[in-house]
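Here's the letter readout for the chains.
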Amino acid sequence: MLNEMQVRSEEFSDMLDLLLQIGKGTTLRDAEAAIMSVSCDIAKAERSDIFVYDIESGTLKSRTRIGRSSSQRENNSRREVEVAADEDNLIGYVYTTGEIVSVPKRNPNDPYEWDLSFIADNTSATPDEVFGFIAAPVLTAEEEVQGVILVFNKSNPNDVFTEHDLFSIEQISRFASNAFKTWDSIYEAQHAKQRMETLVGMIKHISNETDTNMVIDKMFQMSRSILNAEGITLFSLIQSDDIKMGDTMLRISKSTRGDAIGMTFSVSEGIAGHVARTGELLNIKDPYNDSRFNSDVDKEKNFNTMSLLCVPVFQKGRVVAVIQAVNKRTGKCFNEDDEHLLQYLSESTGISLAQAALFNQVMMDRRQAQVDKIFIQVLSKRCSTHKFVTNVMEAAKVLLDMQRFSLYLVDHHHHEVWVTVEEENIICVPIGVGIAGHVAGTGEVLNIKDAYEWPGFNQNVDMRTGFRTRSVLCMPVTSDGIDQTIIGVVQCMNRMNNRGEVTTFDENDVKLLQQFCLQLSVVMRQMMMEAAITKMNVDRKSETVEKSSTAAPVFSLAKQYRTDLEHEQHFGNTTHSLGWALKENYEHNADDTTAHIINSVSWALDTLAMNEFEMMHAFEVKLEQFCLLENHNIESNTIQMFITRVKDSYRDNAYHNFHHAFHVFHSVQCILRSKSIGYLNSFQVLSLLLAAICHDVDHPGHNNAFETATLSKLAIMYSDDSVLERHHCATTFTIMQEEGCGVLSNMTPPEFAQCRRIIIHSILATDMKEHTELSRKLALLADNTFEEFGKDTQGDLYSLFFSVVLHTGDLSGQALPINQALMWGEKVISEFAIQAEKEEALGLPVAPFMKQAHDPVKAAGVQKGYIDFILKPWWNQFVRFFDAEEDFVKGLGYVNEVRNFYLEASQQPDPENSPKRQIRVMGKSK
């Protein structure tokens, strides 16, 4: 008995020592190995193993095997063993029931009650070679089973497992539970730290991205990494032109299920739609019991959504995307940590998307400025067709990163498209053949992901050159006429991303190319004649193709512009539209607000809110944007001295002051940006802008009638004929002759004569006595009867156009948002009132409309009559002439709004509601 107690004491001492080894392990694997070692030694077993429940797979896995002998311990590596957590096998039975199973000694002929086939995977032994075992559950203090400890076969074949062995293994399982619990806590802390470090590192990485697609890709990768979810989907909010306002859609931009990318849903549908509408985070444990969940996709794809986490992505306070994760791999559902991590990621993604969008816009503005500069150079001098196509190719590659670009010209007469390969060498393709031919025939925009999958693509060229055409974006270039004739086709090939990889063209690329084609259409007007001659010469030299005149269709397309080209020779030799050919925003040291005002090209810009510095600075900026300083060799100092002298020469009148001059200048430059103007050269644009800023310089504050009635020096000098307008012209050129103010001094005599003629002609047209005749001619222009003016080779068409543009700018004060229009109207009335007082003091007759200037109600009636009989008819014709372009349609709308205000005010006798008081109130509210 004493010996037995001594043996037991030694065994307990050994077990205590061995159990202490469990706590010394640096990893969970070390702890498992220590437990196995203790089990083998205490039970004197040949083998031991431990199975731990794996949440992700729902099975019991064994990673560690220990043998009692030294050779076995040195060779205990083997593949991971996995058994089902059910009662069919021994380990599953113990895990499921929590019972200890012990077979002290088995007769080799007796079968086992449980499946022991996993033994063959676990050791070199077979199930038949297992003669005894103990399988004990690893229980927590709450009696929850975490795993199973297995020992089998006594080291001495003659021994059997005893009750003492059973007791010892049961105690070891208790120690193992505590060890697992400790290591689980450590593992969770380490895992949480690792997830956070990964998230922070990835967010730092994503914040440096300037490409929107890369931001989305990295966000997608990060979501999968930190959540360990079975599926991740990114929904983007879209609002296309064919979708009714308010019916915003969700498009799958990125998904672990590739076949779902591109699918669209209404925001009124599904969990993602709810998150997009409300901006709420949703963590749903059982989606099928949630009425908002749409299970149709699961049924179609035979998928089972067990858990779902959905988070909105905000940008500038509104939802722009939704991230949705489904089926947590390491648990039944997503937890609160997952919510915080994904929400933090979504917030960072929103900021990164905004930064990327801003950067992309800046870069695109710079690229657009480069494109504009190239087109200006093309327009500023004649060049061959091949050189023109080369320049267009250069501009297109600046705008879009791609490997190849082609510009095809369309020959409708011979039903073909053609492209220059080199000087006097072209390639012709029948309309309807190939991608370019298809677009030329249908006018369709083609965005092809892989050219080889497009049925009509000819791979022979690729085979000869070794080039591989993948993505293709092909688009027609149309004329500006009513019939929108296709005059060219642009074809972009192999879009490149920031990593230098070939990718596909997206919706933004399509929009950019559409804008490019609009610009190209205007530029191609100049090349019609040159292209016709090129095609004709090549056809004549061809011995294999018999054609009477390939130039005929090109001449036909150019016919509508020929009269303009001929008349333009009166003013210059080149035709080019500067309405779109603008540089990027001018750089200066002003603050952001001032910079925005100075660079603004908005028709509704509130020029009354600008100070003198901003107006003078904006004048130089606008000339620079039109490339006028560069084209005409005008120094910046010269412009600054000139505009300073002009500003100083304007008197401090209520209305006819420098503010009015700058407003007219701003209106004229807005008109010149119109895409419908394609036949002005650089001299004409410069002349019009100088005429606009100087059109009322040194205005005395009263009209021509006052000058004539008082026999002023100006009236005597100019013989009562457009007295003030002629004075403005004279003052303009007097300033230009002053030292340092010679803005036209670097021009040749013919060039100077051209600019002087346009400036004088345009300023004289601002005399209101010319309004009726101008209105009649504008009506003819609006009816598209250009031929009536085109018969006169003296350039009357251009003269009329210049007059219309400056006169419209002069009449634009009431074609503004009502708060601005009313302020301008009050200034006019104030100036009328001052002149009326002078006339009464001199005993001169006072015009009826000026007599009423002191009466607010009657003054409102004067303004209403001016709009009805002068302004509104003019603007109706002007809008028709410019094909109802958006800014001018808005201008006409403002005119009607102001007219209605004055109508109501003219019928309001209450002084408290007088027009003047309302004007001041509205002026303060702007």
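Residues numbered from 1 in each chain as written. Predicted model: local features only at pLDDT ≥ 70, side-chain atom pairs only at ≥ 80, totals over all residues. Heavy atoms only, no water.

## A few points about the overall build of the chain
A tally of helices and strands in the chain yields 33 helices and 20 strands. Counting all 926 residues of the chain, 52% fall into the buried class. Long-range contacts, defined here as pairs at least 24 residues apart, represent 65% of the contacts in the chain between residues at least 6 apart. Per element, the accessible surface of the chain, about 43700 Å² overall, is 50% carbon and sulfur. (Helix = DSSP H or I, 4+ residues; strand = E, 2+ residues; numbered from the N terminus. Buried < 20%, exposed > 50% of the residue type's maximum accessible area, 1.4 Å probe, protein only. Contact = heavy atoms within 4.5 Å. Areas by Shrake-Rupley, 256 points an atom, 1.4 Å probe, with all protein chains shown as cover.)

## So, the UniProt feature "binding site: Zn(2+) 1" (unreviewed entry) in the chain
Listed under "binding site: Zn(2+) 1" (unreviewed entry) in the UniProt record, and renumbered for this structure, are H660, H695, D696 and D810. Look at the named residues: they lie 151 residues apart in sequence, but the longest C-alpha span between them is just 9.9 Å, so in the fold they bunch up. Along the chain, H695 falls in the loop between α21 (682-694) and α22 (704-709). Residue class for H695 comes out buried when judged on its relative accessible area of 0%. Of note is the side chain of H695, whose polar atom sits 3.2 Å from the side chain of H660. Note on placement: D810 falls in helix α28 (residues 796-810). Taking relative accessible area as the criterion, D810 reaches 15% and is therefore assigned buried. Apart from residues lying up to four places away in sequence, D810 is in contact with Y655, H660, V664, H695, D696 and T766. One polar contact links D810 to H695, side chain to side chain, over a distance of 3.2 Å. (UniProt positions renumbered as here; feature names shortened; annotations may be inferred. Polar contact = N/O pair within 3.5 Å; in protein donor to acceptor, adjacent residues only side chain to side chain.)

## Remarks on the UniProt feature "binding site: AMP" (unreviewed entry) in the chain
Within this structure's numbering, the places UniProt gives as "binding site: AMP" (unreviewed entry) are H656, N657, F658, H659, H660, D696, D810 and Q863. Among the structural elements, H656 can be located in the loop between α19 (636-649) and α20 (658-672). Within the fold, F658 resides in helix α20. Contact partners of F658, with chain neighbours within four places excluded, come to M615, M616, I643, V646, K647, Y650 and I693.

## Points about the nonpolar core
Formed by 90 residues in total, the largest nonpolar core has its most connected members in F642 and W875. Tallying contributions element by element places α21 first for this core, with 10 residues. Setting aside residues no more than four positions away along its own chain, W875 makes contact with W603, T808, L811, S812, A815, F888, G891, L892 and V895. V389, L409, W418 and L512 belong to the second-largest nonpolar core, a separate cluster that totals 28 residues. (Core = buried A, V, L, I, M, F, W, Y, C linked by side-chain atoms within 4.5 Å.)

## Quick notes on unusual backbone geometry
Excluding glycine, residues mostly have negative phi values, and the peptide bonds linking residues are mostly trans. One non-glycine residue with positive phi stands out, namely N494, at about 60°. Within the fold, N494 resides in strand β19 (residues 486-496). If you check the backbone angles, S722 has positive phi at about 45° while not being a glycine. Within the secondary structure, S722 is located in the loop between α23 (713-717) and α24 (723-737). When its relative accessible area of 7% is taken as the criterion, S722 is described as buried.

## Structural notes on the packing of aromatic side chains
Counted by the stated rule, this structure contains 17 aromatic pairs. Aromatic ring contacts, followed pair by pair, group W603, W875, F878 and F888 into a single cluster. The ring of F467 carries R404 above its face, with NZ or CZ at 3.8 Å from the centroid. A cation over an aromatic ring shows up here: R468 above the ring of Y452, its NZ or CZ 3.7 Å from the ring centre. (Phe/Tyr/Trp six-rings, centres within 6.5 Å; stacked < 30°, edge-to-face > 60°. Lys NZ or Arg CZ within 6 Å of the ring centre and 35° of its normal.)

## So, the environment of D648
Its place among the elements puts D648 in helix α19. Sequence separation between D648 and D698 is 50 residues; the distance between their C-alpha atoms is 8.9 Å.

## Quick notes on the side chain of H663
Take H663: it is sitting in helix α20. Its relative accessible area of 2% is what places H663 among the buried residues. Ignoring anything within four residues of it in the chain, the contact list for H663 reads T607, S812, G813, L816 and W824.

## Considering the pattern of salt bridges
This structure, assessed with the given rule, holds 14 salt bridges. D165 is paired through a salt bridge with K154; the nearest N and O atoms lie 2.7 Å apart. Taken as a pair, D165 in helix α6 (residues 163-207) and K154 in strand β7 (residues 145-154) lie far apart in primary sequence, 11 residues in all. Both residues of the pair, D165 and K154, belong to the buried class. A salt bridge links K647 to D648, with the nearest nitrogen and oxygen atoms 2.9 Å apart. Under the relative-accessibility criterion, K647 is labelled buried at 15%. Overall, the relative accessible area of 45% leaves D648 in the partly exposed class. (Salt bridge = Lys/Arg side-chain N within 4 Å of Asp/Glu carboxyl O.)

## Section: α20
Over its 15 residues, α20 extends 21 Å from the first C-alpha to the last, a length consistent with the 21 Å expected when each residue adds 1.5 Å. Counting buried positions along α20 gives 14 out of 15 residues, so the element sits mostly inside the fold. The N-cap of α20, judged by a side-chain oxygen 3.1 Å from the amide nitrogen of H659 a few residues on, is N657. (Expected span 1.5 Å × (residues − 1).)

## Looking at the pairing of β19
In regular strands, side chains alternate between the two faces of the sheet. Summarising burial for β19: 11 of the 11 residues are buried, a large majority. Relative to β19, strand β14 (residues 402-411) runs antiparallel, the two sharing seven bridges. When the sheet's bridge partners are listed, L409 is paired in β19 with G488. Looking at chain direction, strand β18 (residues 472-478) and β19 are connected through seven bridges and run antiparallel. Bridged to L473 within β19 is C492. Relative to strand β20 (residues 502-503), β19 runs antiparallel, the two sharing two bridges. (Pairing = 2+ DSSP bridges.)

## Here we look at the packing of helix α17 (residues 612-625) against α19
Between α17 and α19, the shortest axis-to-axis distance is 10 Å and the interhelical angle comes to 135°. Judged by the inter-axis angle, α17 sits oblique to α19. Two packed elements cross with a definite hand, and for α17 against α19 that hand is right-handed. In this structure, α17 uses E612, M616, F619, E620 and L623 to contact α19, whose residues at the interface are S636, I639, Q640, F642, I643, T644 and K647. When its residues are assigned to classes, the contact of α17 with α19 shows six nonpolar, three polar and three charged. (Axes fitted to C-alpha atoms, helices over the stretch in contact; angles between N-to-C directions. Parallel < 35°, antiparallel > 145°, perpendicular 65-115°, else oblique. Left-handed = near helix turned anticlockwise from the far one by under 90°. Nonpolar A, V, L, I, M, F, W, Y, C, P; charged D, E, K, R; others polar.)

## Some remarks on the environment of Q820
Along the polypeptide, Q820 turns up in helix α29 (residues 818-841). Residue Q820 is classed as buried on the basis of its relative accessible area of 4%. Measuring from C-alpha to C-alpha, the distance between Q820 and A609 comes to 9.6 Å, with 211 residues separating the pair along the chain. Beyond its immediate chain neighbours, meaning those up to four positions away, Q820 contacts A604, L605, D606, T607 and L608. Engagement of the side chain of Q820 in a polar contact is seen with the backbone oxygen of A604, the distance being 2.9 Å.

## Description of helix α31 (residues 856-881)
Here α31 is 26 residues long and its end C-alpha atoms lie 35 Å apart, about the 38 Å a rise of 1.5 Å per residue gives. At I867, α31 is bent by approximately 45°, the largest bend along its length. Its side-chain oxygen placed 3.1 Å from the backbone nitrogen of V857, D855 serves as the N-cap of α31. Of the residues one or two after α31, D883 is the one with positive phi, at around 55°. (Bend = angle between axes of the 7 residues up to and from the residue.)

## What about the confidence of the model for the chain?
A residue-level look at the chain finds 69% of positions with pLDDT of 70 or above and a mean pLDDT of 76. Looking over the chain, one finds the lowest element-wise mean pLDDT in helix α15 (residues 551-568), namely 31, and the highest in α24, namely 96. This stretch, residues 68-78, has a pLDDT under 50; its non-local contacts, to residues over four places away or in other chains, come to 26 contacts. Contacts of residues 785-794 to residues separated by more than four positions or lying in other chains number 17 contacts, the stretch itself having pLDDT below 50. (pLDDT = per-residue confidence, 0-100.)

## Examining the environment of D54
Relative to the helices and strands, D54 is located in strand β1 (residues 45-54). When its relative accessible area of 23% is taken as the criterion, D54 is described as partly exposed. Distance in space between the C-alpha atoms of D54 and A85 is 9.8 Å, their sequence separation being 31 residues. When near neighbours in sequence (up to four residues on either side) are disregarded, D54 contacts T59 and K61.

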